[in-house]
Amino acid sequence: MSVRGACLCGGVAFLSTGLREEVIACHCSQCRRISGHHVAATSAALGNVTFTADASLRWYASSDTADRGFCGTCGSSLFWRPRGGDRLAISAGCLDAPTGLRLARHIFTADKGDYYAIDDDLPQFEGDG
């Protein structure tokens, strides 16, 4: 199945095939700071993502091992990629419905914010799970 995605202003738009069907909610402090809450993301092989617009795509080196992609115009947080990796994590909220995806688990719950509870019955991992 092919899924389209874009930032809020449309300056970054893409088409992806071969998405993982699961969405992972990451509660680490970096994800919370970059998004304002936890990040819900799926992923695809780099070769399965085709950009149809990327003039405003910017990358931020958020650590020694990974970069985060966002729109330099509207600020939408879109991607996470490990350096030297072959997959691209894609924020689930930027994908056009229907996606066929489902939330599967929570990771880095030891870092979650103190202002919310994780109330579903999905697996929770204090680290990367």
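In case you missed it, the structure is sitting above this.
Residues numbered from 1 in each chain as written. Predicted model: local features only at pLDDT ≥ 70, side-chain atom pairs only at ≥ 80, totals over all residues. Heavy atoms only, no water.

Novice: Help me understand the pattern of salt bridges in this model?
Specialist: Oppositely charged side chains are able to pair whenever their charged atoms sit close together. Tallying each qualifying case throughout the model produces three salt bridges. A salt bridge links Arg 105 to Glu 22; the shortest N-O distance between them is 2.8 Å. Residue Arg 105 is found in strand E10 (residues 102-107), and its partner Glu 22 is found in strand E3 (residues 22-26); the two are separated by 83 residues along the sequence. One salt-bridge network, in which partners are shared between bridges, spans Asp 67, Arg 81 and Arg 83. (Salt bridge = Lys/Arg side-chain N within 4 Å of Asp/Glu carboxyl O. Helix = DSSP H or I, 4+ residues; strand = E, 2+ residues; numbered from the N terminus.)

Novice: Explanation requested: the side chain of Ser 76 in the structure shown.
Specialist: Inspection of the secondary structure assignment puts Ser 76 in the loop between strand E7 (66-71) and strand E8 (77-82). Residue classification places Ser 76 among the buried positions, given a relative accessible area of 17%. A polar contact is formed between the side chain of Ser 76 and the backbone nitrogen of Leu 8, at a distance of 3.2 Å. (Buried < 20%, exposed > 50% of the residue type's maximum accessible area, 1.4 Å probe, protein only. Polar contact = N/O pair within 3.5 Å; in protein donor to acceptor, adjacent residues only side chain to side chain.)

Novice: Honestly, the side chain of Arg 68 in this entry has me stumped. Any pointers?
Specialist: Take Arg 68: it is sitting in strand E7. It turns out Arg 68 is buried and unbridged, and the closest side chain with the opposite charge, Asp 67, is 8.8 Å from it. In this structure the side chain of Arg 68 is engaged in a polar contact, spanning 3.2 Å, whose partner is the side chain of Gln 30. For Arg 68, the contacting residues outside a window of four places in its chain are Cys 28, Gln 30, Cys 31, Ile 34, Arg 58, Trp 59, Tyr 60, Ser 62, Phe 79 and Trp 80. (Lys, Arg positive; Asp, Glu negative; His and termini not counted. Contact = heavy atoms within 4.5 Å.)

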